[in-house]
Each structure stands twice: as C-alpha cells, then as structure tokens.
Amino acid sequence: MGMFDSINISASALTAQKTRIDIISKNMANVNTTRSTGGMPYRRQMVVFEEQRGPSFSSYLEKHTNRFNGKGVEISEIVEDTTPFKLKYEPGHPDANEDGYVMLPNVDMVTEMVNMIDAQRAYEANITAINGTKSMLMKALEISRR
Amino acid sequence: MYANFKNNIDLFNKVLDGIWLRNKVINHNIANADTPKYKKLTVSFEDKLREALSKSDSKLVKTHEKHLPFPVNTKDIQPRIEENDKFSYRFDGNNVNIDTEMADLAKNTIMYNAVIDQLISEFDKIKNVIHEGGK
C-alpha cells in the first residue's frame, strides 16, 4: 500500500481525459477535411477507456483477500468511427463525384462539443480528488509536528 | 493507564487505515467514471468496528471447537471492499454516480482530518503527563 497510490490513480484519469480532449480537438479541427489517408475523407476517432487493475489472477485473489490493487484508468485503444460519411451537393468542389456530391467527414460538431464538456467535468472531478488526497497527507504530517 | 492510551491510539490507527483505503477506492471510482462496464467499489469497516467495541466487554464463550471466532479484538478487523454490481442506470453498464462519489470524498476527507485531530490530542495528553508530572 503505497503512500502516493491515490494520487497516481487520479493522475492516470487526468492523462486519460486529456488524451480524450486531444482527440476531440483533432476531430473538430478536421470537420471539413476531404483528403485524409487513402484519399478518403477524415474519419472521426474515439478513445476507449479501460480499468487498470493488475493481472487477472491478482484481481481475482484480491476479491477474496480484501486487498486492493486498482491503478486507475487507461486508454486501451483509439478507434475510428465506422458510421458513413456525410454527403453534400457541391458540384464545383474538386473532390466531388460524377453526381456532384462531396463526401465529408462523419464528425458532428455538437456531439464533439458535448463530449468535450463531459471530459472537462471529469478532469475537474479528478483535480478535486487530488486536492482532497493532498490535504489528507498534509494533515497526517501534522501528527509528528507536536 | 498507559495501556488505555495505547488502546485508543491503536483504534485510531485502524480507523485511519480504513479511511485511507476508502479514499483510494473513491479516487479509483472517480477515475473510472467514464469506463464502460465498470462497477463501483465500496469500503466498509465502521459497522464491524462498532460491533467489536460494543461487545468487547461481554466475552462470548466458545462451547464447541467448530464455533467461528468472533472478532472482539479491534486488531482482527479488516476493511471489506465490495463491488456494487446490483444495478446500472447507464447504457454503457457503468454505475458510478459522480455526484455521490464527490460527496463521499468530501465526507471521507473531513472524517480523516477529525480522526487525525483526535489522535494528536491523544499524544498531547501523554506529553502533558510527562511534562507536568515532573513539577
């Protein structure tokens, strides 16, 4: 049971949420990109969160011995959204097909905004948790001050 | 007399260990507030501790060798971690409620500070006896 485990757990969540915001920014920046890898429009990306909890045997063991070795959260992978691209009628565009339609990325600005607020709130919650842990540690140091 | 102080300090020690573990578990819950299929964890030790304290005077007698040991000694009490997988109200299977977690975190921090204060006052008593006894 390490002294700074609590802070490390919250820090792992800060990293994860920050990466999520990075990916959201990337999606928003590329909302009109028609030329990405393979000459296709940009595809929206998403992060996948996964609980970090040591090897499976030790997590089974801890259930029966009441020990706790949770390590927070991590991003297990960054996946592409497979929903179809949006079509927009714009015959003058250089990337338009023979019918005059342009394929635009499957990024929805409103969804990205909502996800960003969610990530920001989660980030703030973890900052509060770190501050709480910090105040507890400082309080524990007061025992030896007398 | 000194044994009395020591008992109190041991008890506070136990409580602080439990509260610290709970802080860690709440942090873990908050960190995983967006993890699909994650179920919230809870720590409980107060009820067991209270039971042990109230029954420490009445010694239970074992009349059979297969009777389970009853933890009247506060030293034997370990905090329990439970996974709350009874319900989920979100589509991703996660059941962390960030509001209750933040409230629990605040309660837990205040409780920790209060117990530390009591522990310090316990040490102050011993110190007082040492200082004033020599006069």
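Right above here is the structure, for reference.
Reference entry: report on the structure contained in this document. (Residues numbered from 1 in each chain as written. Chains lettered and ligands numbered in written order. Predicted model: local features only at pLDDT ≥ 70, side-chain atom pairs only at ≥ 80, totals over all residues. Heavy atoms only, no water.)

Here's the deal with the overall build of chain B
When you go through chain B residue by residue, the secondary structure sums to three helices and two strands. Ordered by position from N to C terminus, the α and β elements of chain B give α-β-α-β-α. Here the analysis covers contacts within chain B between residues at least 6 apart in sequence; of these, 77% occur between residues at least 24 apart. Summed over its atoms, the accessible surface of chain B is roughly 8,400 Å², and 57% of this surface lies on carbon and sulfur atoms. (Helix = DSSP H or I, 4+ residues; strand = E, 2+ residues; numbered from the N terminus. Contact = heavy atoms within 4.5 Å. Areas by Shrake-Rupley, 256 points an atom, 1.4 Å probe, with all protein chains shown as cover.)

Considering the packing of helix H1 (residues 5-29) of chain A against helix H1 (residues 2-31) of chain B
As a packed pair, H1 of chain A and H1 of chain B sit with axes 9 Å apart at the nearest point and diverge in direction by 5 degrees. Relative to H1 of chain B, the element H1 of chain A lies roughly parallel. Across from Asp5, Ser6, Ile9, Ser10 and Ala13 of chain A in H1 of chain A, the residues of H1 of chain B making contact are Trp20, Asn23, Lys24, Asn27, His28 and Ala31 of chain B. Residue classes in the contact of H1 of chain A with H1 of chain B are distributed as four nonpolar, five polar and two charged. (Axes fitted to C-alpha atoms, helices over the stretch in contact; angles between N-to-C directions. Parallel < 35°, antiparallel > 145°, perpendicular 65-115°, else oblique. Nonpolar A, V, L, I, M, F, W, Y, C, P; charged D, E, K, R; others polar.)

Some thoughts on the nonpolar core
Phe68 of chain A together with Ile19 and Tyr112 of chain B are the most contacted members of the largest nonpolar core, which has 37 residues in total. Among the elements of the structure, H1, strand S1 (45-51) and helix H3 (109-141) of chain A together with H1, strand S1 (41-44), helix H2 (46-55) and helix H3 (98-133) of chain B are those that each provide at least two residues to this core. Excluding its chain neighbours within four sequence positions, the residues that come into contact with Ile19 of chain B are Met136 of chain A together with Phe45, Asn108, Met111, Tyr112 and Val115 of chain B. Among the nonpolar cores identified, the runner-up in size contains five residues, and Ala129 of chain A together with Ile26, Ile30 and Leu105 of chain B belong to it. (Core = buried A, V, L, I, M, F, W, Y, C linked by side-chain atoms within 4.5 Å. Buried < 20%, exposed > 50% of the residue type's maximum accessible area, 1.4 Å probe, protein only.)

Comments concerning the packing of aromatic side chains
Residues and elements named next belong to chain B. By the definition in use, this model includes three aromatic pairs over all chains. Aromatic pair Phe87 and Tyr89: ring centres 6.2 Å apart, planes at 10 degrees, arrangement stacked. By relative accessible area, which is 41% here, Phe87 ends up partly exposed. (Phe/Tyr/Trp six-rings, centres within 6.5 Å; stacked < 30°, edge-to-face > 60°.)

Some thoughts on unusual backbone geometry
Not every positive phi belongs to a glycine, and Lys37 of chain B is a case in point at roughly 65 degrees. Along the chain, Lys37 of chain B turns up in the loop between H1 and S1.

Notes on the pattern of salt bridges
Once the charged atoms of two side chains with opposite charge are near each other, the side chains can pair. Considering all chains together, one arrives at 17 salt bridges over all chains under this definition. In this structure, Arg44 of chain A and Asp81 of chain A form a salt bridge, with 2.8 Å as the shortest nitrogen-oxygen distance. With Arg44 of chain A in the loop between H1 and S1 and Asp81 of chain A in the loop between strand S2 (73-80) and strand S3 (86-89), the pair connects residues that are 37 residues apart, well separated along the chain. Judged by relative accessible area, Asp81 of chain A falls into the buried class, the value being 12%. Here Lys88 of chain A and Glu90 of chain A are joined by a salt bridge, their closest N and O atoms 3.7 Å apart. What emerges from the salt-bridge pattern is a single network uniting Arg20 and Asp118 of chain A together with Asp34 of chain B. (Salt bridge = Lys/Arg side-chain N within 4 Å of Asp/Glu carboxyl O.)

Shape descriptors only; they carry no functional weight alone.
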